[in-house]
Amino acid sequence: MNKQGFTLIELLIYVAVMSLAIVSLASWSLSISGSEQRAVVGSELQAGGRFVAEQVSRQARQAEVIVYPLAGETNSSVKFDLGLPDGVVVSVVDERLVLSNGVDSWPLTSEQLEVKNFSVTNRSSSARQSHLDFALTLVYREAASREYAVEKTFNFSASSRR
C-alpha cells in the first residue's frame, strides 16, 4: 500500500518530541541566565565588602584616637579622631554604610547593597594603639525581584598606628 502524508499518530508523536526539545532548551537557557545573575550578585557583594574593609581600615590607620567604641566595648558605629574638628564617623544610615566628617557624607556601599549589620569591637589593651574588629553583613537587593537576595558577612580587623 502506498502512503501519502503522515498519520495522526505520527503527527502527534512529532509534536510531542519537538515540544519536549523546546521546553528542555528553554529550561537550559533560563538555568544559564540564573547562574550568570548569581555570579554577578556574588561579585557585587565581594567588591562591596572589600571596598568597605579597605576604606574603614585606612581611616583606622590614620586615626590619632578612636573616640568610640571605647576599649572593650562594641558599637554599631565608629568615630576616628583624625585631627579634624568633628572627626570621622562610619555608621549605618538608611541601610547604607556612610562615612561622614561632620560636614559631608560619602556612602561606602552601593545602592544594591543593604547593610543588615555593622558592629565594631574595640579590643585595645593600651591607650597607645587601638585594635578594632569589624563585622559587616551585606544583603544584595534587586529592585525587580527578591529571587537573588544573597547575604554575606565580612569580618575584618584594623589597628591605629598611633
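Scroll up for the structure.
Quantities reported herein were computed from a predicted structural model and do not represent experimental measurements. (Residues numbered from 1 in each chain as written. Predicted model: local features only at pLDDT ≥ 70, side-chain atom pairs only at ≥ 80, totals over all residues. Heavy atoms only, no water.)

Peer 1: I'd like a rundown of the pairing of strand β8 (residues 131-140), residues and numbers included.
Peer 2: Within β8, 9 of the 10 residues are buried, which leaves it mostly tucked inside the rest of the structure. Sheet analysis places strand β7 (residues 113-122) next to β8, joined by 9 bridges and oriented antiparallel. What sits directly across from E114, in β8, is V139. Where β8 and strand β9 (residues 151-159) come together, 9 bridges link them in antiparallel fashion. Residue pairing in the sheet places D133 in a bridge with S157 of β9. (Buried < 20%, exposed > 50% of the residue type's maximum accessible area, 1.4 Å probe, protein only. Helix = DSSP H or I, 4+ residues; strand = E, 2+ residues; numbered from the N terminus. Pairing = 2+ DSSP bridges.)

Peer 1: Could you give an account of the packing of aromatic side chains, with specific residues and numbers?
Peer 2: Going through the model one piece at a time under the given rule, you end up with 2 aromatic pairs. Where F118 meets F134, the ring centres are 6.2 Å apart and the plane angle is 25°; that geometry is what we call stacked. Pair noted here: F118 is in strand β7 and F134 is in strand β8, with a separation of 16 residues, a long-range link. Residue F118 is classed as buried on the basis of its relative accessible area, which comes to 4%. The class for F134 is buried, based on a relative accessible area of 2%. (Phe/Tyr/Trp six-rings, centres within 6.5 Å; stacked < 30°, edge-to-face > 60°.)

Peer 1: Lay out the nonpolar core in plain terms, naming residues and giving numbers.
Peer 2: Counting residues in hydrophobic clusters, the biggest one holds 27 residues, and the most contacted among them are F80, V90 and F134. Contributing elements (two or more residues each) for this core: α1 (8-62), β3 (78-81), β4 (88-93), β5 (96-100), β7, β8 and β9. With 6 residues, the single largest contributor to this core is α1. (Core = buried A, V, L, I, M, F, W, Y, C linked by side-chain atoms within 4.5 Å.)

Peer 1: An account of the pairing of β4 is needed here, citing residue identities and associated values.
Peer 2: Successive side chains on a regular strand alternate, one facing one side of the sheet and the next facing the other. Examined bridge by bridge, β3 and β4 share 3 bridges and lie antiparallel to one another. Within β4, the residue paired with K79 across the bridge is V89. Here β4 pairs with β5 via 5 bridges, running antiparallel. Each residue of the ladder has a partner; that of V90, found in β5, is L99. Remark: 2 residues form the turn of the hairpin made by β4 and β5, two consecutive strands paired antiparallel; D94 in that turn has positive phi of roughly 55°.

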